[in-house]
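Coordinate analysis (summary)
As a plain string of letters, each chain reads:
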Amino acid sequence: EREREEEEEEQGEEEVWVVGRDEDEALRRASAALCVPAHRVQLTQDPDVLDTWFSSGLFPLVCFGWPERDPLASGLYPLSVLETGSDIVFFWVARMAMLCSQLLALEGKGTAPPFRRVFLHPMVRDAKGRKMSKSLGNVVDPIDLIEGKALGALLEAVEGGNVSPGELKTAVGALKADFPDGIPECGTDGLRFALCAYMAQGDSINLDISRVQHHRFMCNKLWQAAKFTAFAVESLLAEGEGKGEWELEGGSGLCDLGQAVEALRRRQRAGDACLAEEWILGRLSSCADRVNESLEAYRFSGASSAIQSFLVSEFCDVYIEFSKPRLRGARSERETAARVLAACMEALLRMLHPIMPFVTEELWQRLIRLCGNPHASPADGGVGGGKGGPESIMLAPFPEGIGIPFGIGLETGDEGDVERAMEEALGVLKTVRSCQHDFRRYLDASVPFSISVARGEEEEGGEAWRRLHGALPLVNSQLKGITAQMAGKEGEQEEDGRAAGAL
């Protein structure tokens, strides 16, 4: 008798899962499943009546307070874009579309899907293209990429995990081979930019840590460019009594793009050459157009590529170098260079912010404290002082087509003419510096160079000569100890005695 009671007690403690339309049906099924009387069954209802995928399928509704609140009343439903992976399209995305549409239809609120577009991101794999797996030891924790982790700490994490003894040896060997020096610190912004740049690969990302680290170095490049810009602005402000002296009528800060263009126009009306400023503002406008087109089409790799090209190859490598002599020049030159530097940097930070939110917010805050907020309106008290306006770069408008007026100081007034003239200037500089390097053992540094392009009677030859003539002051501003000058046909002389006809 005692053994029978113990056996019944053990059976009574057994757990089973049953499904019923109500509590009575569930009780009958549990009693039958356990082979015990109904009065000995204790029912506990699962608080989550749907499985994981069905519960998450209600997410677009419940995040707006459904069923107590109407999602449509929020003004935000249906959502614009859902971002997810292709491996859970039917597990999750399809359930959301069906459940949300059907449940709202039952309430008489239409059959609109919960989102208009679905963006499928690629699957992240290791550098060799293998799917990340604990057994292979190639799983990379994003936190480790952001903060960095030594090899010893990586090995401890694997050894303390749930890898089977048979797979542990393989995993440890893979970690030592892939990360002999551990994982370097790449930062959140560097990782985000790398993942966006990787989007061009298709449905898979072969994550190479060295490439992520390369984009972390781009953050350093951005920081140094912002530091140089701040130096230029601080030097300008030190000449007066603060930002107020440099405000144009209706202006709102030294980094205001409209004021930079106006300062450029004043110099060009005075006959000063501003080819580098025209060129960089044109490249900024082109970059903004490319970024907007790419983001609208969800081509994040195109947006990141356009920004990186402008920051590294055009703004830092070219314009900052051309601005250095101008910042040592006359007052009007210093003002124009500082305004263009600040305006380009401020617009660049806004373009880069969706991809690199942290470093851009920090640098933007520093820039507007120094220059004034260019997005302040008269109602904010922003005219003439840069006060008011958005308190965060997140609230500032995203750069769009800038519409820079090109060629004010050139004969044609054509954007393409500015581009070609700048290409000529950069080509001349490259040639001169190459000659200096090749003949540095034989020529004194002060030997003058004569770079000639034949000026023919054809229109094309005349255009080339004119562009080179316009680029001459910019070329000479970058040459140290030498001067490129006009040289032409025998007997043809300019008023200052120099030969004319070719450069």
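The structure we're discussing is the one just above.
This text gives an overview of the structure that appears in the document. (Residues numbered from 1 in each chain as written. Predicted model: local features only at pLDDT ≥ 70, side-chain atom pairs only at ≥ 80, totals over all residues. Heavy atoms only, no water.)

So, the overall build of the protein chain
Selection rule: Counting from the N terminus, the helices are the DSSP runs of H or I reaching at least four residues and the strands are the DSSP runs of E reaching at least two. Residue burial is assigned from relative accessible area. The probe radius is 1.4 Å, only protein chains are included, and a residue is buried under 20% of its type maximum, exposed over 50%, and partly exposed in between. In what follows, a contact means two residues having at least one pair of non-hydrogen atoms within 4.5 Å. Here the accessible surface of atoms and residues is derived via Shrake-Rupley with a 1.4 Å probe, and residues count as covered only by protein chains that are part of the display.
Helices and strands together make up the secondary structure of the protein chain, namely 17 helices and 4 strands. Taken over 503 residues, the protein chain has a buried fraction of 40%. Intrachain contacts of the protein chain at a sequence separation of at least 6 include 67% that bridge at least 24 residues. Total accessible area on the protein chain stands at roughly 27,600 Å², and carbon and sulfur atoms take up 51% of it.

Things to note about unusual backbone geometry
Across the junction of Trp66 and Pro67, the peptide omega takes the value 10°, indicating a cis bond. Position of Pro67 among the secondary structure elements: in the loop between α4 (59-62) and β1 (79-85). Of the consecutive residues Tyr77 and Pro78, the connecting peptide bond is found in the cis state with omega at 5°. Counting through the fold element by element, Pro78 comes out in the loop between α4 and β1. Phi angles above zero are rare outside glycine, and Cys35 is one such case at about 60°. With respect to the helices and strands, Cys35 occurs in the loop between α2 (23-34) and α3 (52-56). Accessibility expressed as a relative area gives 66% for Cys35, which makes it exposed.

Quick word on the nonpolar core
For the record, the criterion: The nonpolar core is taken to be a set of buried Ala, Val, Leu, Ile, Met, Phe, Trp, Tyr and Cys residues, with the residues joined through side-chain atoms within 4.5 Å.
Grouped together as the largest cluster of nonpolar side chains are 76 residues, with contacts concentrated most on Leu222, Ile280 and Phe315. The element that contributes the greatest number of residues to this core is helix α14 (residues 331-352), accounting for 13 residues. Beyond its immediate stretch of four places on either side in the chain, Ile280 contacts Phe310, Glu314, Phe315, Tyr319, Val340 and Cys344.

Remarks on α2
Put simply, the rule reads: The span you would expect from a helix comes to 1.5 Å times its residue count less one. Polar contact is the term for a pair of N or O atoms within 3.5 Å; when the atoms are in protein, one must be able to donate a hydrogen and the other to accept it, and sequence-neighboring residues count only if both atoms are side-chain atoms.
Under the 1.5 Å per step criterion, the end-to-end length of α2 is 16 Å for 12 residues, consistent within 8% with the ideal 16 Å. The opening residue of α2 is Asp22, an N-cap whose side-chain oxygen sits 3.3 Å from the backbone nitrogen of Asp24.

Digging into the packing of aromatic side chains
Stated precisely, the cut-off is as follows: Any two of the Phe, Tyr and Trp rings considered here, Trp counted by its six-membered ring, make a pair once their centres fall within 6.5 Å; the pair's planes then place it as stacked at under 30 degrees, edge-to-face at over 60, or tilted in between. Definition used: whenever NZ (Lys) or CZ (Arg) falls within 6 Å of the ring centre and also within 35 degrees of the ring normal, the charge is taken to sit over that ring.
Within this structure, the stated rule accounts for 6 aromatic pairs. For the pair Tyr298 and Phe300, a centre-to-centre distance of 6.5 Å together with 70° between the ring planes defines the contact as edge-to-face. The partly exposed category is assigned to Phe300, whose relative accessible area is 23%. An aromatic cluster is present here, built from Phe119, Tyr298 and Phe300 joined pairwise through their rings. Just above the ring of Phe54 sits the side chain of Arg95; from NZ or CZ to the centre is 4.5 Å.

Quick look at the side chain of Ser304
Relative to the elements of secondary structure, Ser304 occurs in helix α13 (residues 300-326). Polar side-chain contacts of Ser304 include one of 2.9 Å to the backbone oxygen of Ser301. Beyond its immediate stretch of four places on either side in the chain, Ser304 contacts Phe193, Cys196, Ala197 and Ile355.

A word on a negative patch on the surface
Quick reminder of the rule: Candidates for patches are residues over 30% relative accessible area with no salt bridge; among them, like charges are joined within 9 Å and nonpolar side chains (Val, Leu, Ile, Met, Phe, Trp, Tyr) within 5 Å. Take a side-chain nitrogen of Lys or Arg and a carboxyl oxygen of Asp or Glu: if they are within 4 Å of each other, that pair is a salt bridge. By the counting scheme adopted, Arg and Lys are positive, Glu and Asp are negative, and His together with the chain ends is not counted. Every charge is mapped onto a representative atom, which is NZ of Lys, CZ of Arg, CG of Asp or CD of Glu.
Residues Asp289, Glu293, Glu296 and Glu400 make up a contiguous surface patch of negative charge. Along the chain, Glu296 turns up in helix α12 (residues 275-296).

So, the packing of α13 against α14
Rules: Angles here are taken between N-to-C directions and fall from 0 to 180 degrees, while the axes themselves are lines fitted to C-alpha atoms, restricted in helices to the stretch in contact. Angles below 35 degrees are treated as roughly parallel, those above 145 as roughly antiparallel, those between 65 and 115 as roughly perpendicular, and all remaining angles as oblique. Crossing handedness: left-handed means the near helix sits turned counterclockwise from the far one by under a right angle, and right-handed means the same turn made clockwise. Just so you know the grouping, Ala, Val, Leu, Ile, Met, Phe, Trp, Tyr, Cys and Pro go in nonpolar, Asp, Glu, Lys and Arg go in charged, and all remaining residues, Gly too, go in polar.
Two elements in contact, α13 and α14, have axes whose closest approach is 11 Å; the angle formed by their N-to-C orientations is 165°. The pairing of α13 with α14 is recorded here as roughly antiparallel in orientation. Note on packing geometry: the crossing formed by α13 with α14 is left-handed. Contacts between α13 and α14 involve Ile307, Phe310, Leu311, Phe315, Tyr319, Ile320, Ser323 and Arg326 from the former and Glu333, Arg334, Ala337, Val340, Leu341, Cys344, Met345, Leu348, Met351 and Leu352 from the latter. Taken together, the residues that form the contact of α13 with α14 break down as 14 nonpolar, 1 polar and 3 charged.

Some details on the pattern of salt bridges
Counting across every chain of the model gives 18 salt bridges. With its nearest N and O atoms 3.2 Å apart, the salt bridge here joins Arg283 to Glu314. Residue Arg283 is located in helix α12, and its partner Glu314 is located in helix α13; the two are separated by 31 residues in the primary sequence. We note that Arg283, like Glu314, is buried. The partner of Arg283 in a salt bridge is Glu419, with the nearest N and O atoms 3.3 Å apart. Of this pair, Arg283 sits in helix α12 while Glu419 sits in helix α16 (residues 415-438), placing them 136 residues apart in sequence. By the burial criterion, Arg283 is buried, and Glu419 matches it. When salt bridges with common partners are traced through the structure, they connect Asp126, Lys128, Arg130 and Asp178 into a single cluster.

Focus on the pairing of β1
Here is the rule: Paired strands are those between which DSSP finds at least two bridges. When the strands point away from the viewer, a crossover counts as right-handed if the route from the first strand across the helix to the second turns clockwise.
Where β1 meets strand β2 (residues 115-121), 6 bridges bridge the pair, whose relative direction is parallel. By the bridge assignment, Val81 is partnered in β2 with Arg117. For the crossover that starts at β1, traverses helix α5 (residues 89-106) and ends in the parallel β2, the hand is right-handed.

Interpretation in functional terms is not warranted from these geometric data alone.
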